[in-house]
Amino acid sequence: QVQLVESGGGLVQAGGSLRLSCAASGRTFSSYAMGWFRQAPGKEREFVAAISWSGGSTYYADSVKGRFTISRDNAKNTVYLQMNSLKPEDTAVYYCAASEGLGYTPVSYDYWGQGTQVTVSS
C-alpha cells in the first residue's frame, strides 16, 4: 500500500504560479513511477504529467508542456508539480498517483491521493 496526500492547491490569477506537492508513505516510494492528473467539473480525469521512479524521465500533456514541471525527491518521498503561466482552463482538482509502471491513463495507476483544488481566475 502507498498513501498519497496532495497539498499546495489554491486560488491564483491567470499568469500566476503554484507548486503542488504529494507526500507518500507506505511502501518504497522510489520504486514507483508517479503521475499527476486533473479533473474539471463535468469532464473526465486527464493526464497532466508523469515521472519515472528515478526521476530521469518525464512526460507531459501537450496542454501543459513548457508551463508545468514535474519533479521528485525520493529522500523526502515527495513528488512536485510546478505550475507556471496558469490559465483559467487549468482549473481542476489535481490528483497525484503512483504506478509500478509508467503510464498516461488513470487505469495505469494503482494508488491515488484525495486531490487538491486549483482555481485560476481570469
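The structure presented is a predicted model; accordingly, all values stated were derived computationally and were not measured.

A. Broad picture of the overall build of the protein chain. Within the protein chain one finds 0 helices and 11 strands. In sequence order, the protein chain lays out its α and β elements as β-β-β-β-β-β-β-β-β-β-β. Rg of the C-alpha trace for the protein chain: 13 Å, near the compact-globule value of 14 Å for 122 residues, within the 12% margin. Taken over the C-alpha atoms alone, the protein chain extends approximately 40 × 30 × 25 Å along its principal axes.

B. Focus on the state of the cysteines. For the structure shown, the criterion picks out 1 disulfide. Disulfide partner of C22: C96, at an S-S distance of 1.9 Å. Between C22 and C96, the S-S torsion sits near 45°, and that sign places the bridge as right-handed. One end of the pair, C22, is in strand β3 (residues 18–26); the other, C96, is in strand β9 (residues 92–99), and 74 residues separate them in sequence. The residues C22 and C96 share a single accessibility class, namely buried.

C. Quick look at the pattern of salt bridges. A complete count under the given rule lists 4 salt bridges for this structure. The residue R38 makes a salt bridge to E46 at a minimum N-O spacing of 2.6 Å. The shortest N-O distance in the salt bridge between K65 and D62 comes to 3.2 Å. Since its relative accessible area comes to 66%, D62 is described here as exposed. A single salt-bridge network, built from bridges that share partners, covers R38, E46, R67 and D90.

D. Focus on the packing of aromatic side chains. Scanning all chains against the criterion turns up 8 aromatic pairs. Judged by centre distance (5.1 Å) and plane angle (55°), the ring pair of F37 and W112 falls under tilted. Note that F37 is positioned in strand β4 (residues 33–39) and W112 in strand β10 (residues 111–112), a separation of 75 residues in sequence. An aromatic cluster of three or more residues is present, and its members are F37, F47, Y59, Y95, Y104, Y109 and W112. Stacked on the ring of W112, the Lys or Arg R45 has its end atom at 4.8 Å from the ring centre. The ring of F29 carries the charged tip of R72 above its face, separated from the ring centre by 4.4 Å.

E. Quick peek at the sheet that holds β3. Across the sheet, which stays open at both edges, the 4 strands sit in the order β1-β3-β8-β7 with antiparallel pairing between neighbours. Each of the sheet's edge strands pairs with one partner strand only, and the pair in question is β1 (2–7) and β7 (68–73). Between one strand and the next, the sheet's axes are offset by a mean angle of 15°, whatever the strand orientation.

About the cut-offs
- Residues numbered from 1 in each chain as written.
- Predicted model: local features only at pLDDT ≥ 70, side-chain atom pairs only at ≥ 80, totals over all residues.
- Heavy atoms only, no water.
- Helix = DSSP H or I, 4+ residues; strand = E, 2+ residues; numbered from the N terminus.
- Rg over C-alpha atoms; globule rule 2.2 N^0.38 Å.
- Disulfide = S-S within 2.5 Å.
- Buried < 20%, exposed > 50% of the residue type's maximum accessible area, 1.4 Å probe, protein only.
- Salt bridge = Lys/Arg side-chain N within 4 Å of Asp/Glu carboxyl O.
- Phe/Tyr/Trp six-rings, centres within 6.5 Å; stacked < 30°, edge-to-face > 60°.
- Lys NZ or Arg CZ within 6 Å of the ring centre and 35° of its normal.
- Pairing = 2+ DSSP bridges.
- Axes fitted to C-alpha atoms, helices over the stretch in contact; angles between N-to-C directions.

Note that all results are geometric; they support no functional claim without further evidence.
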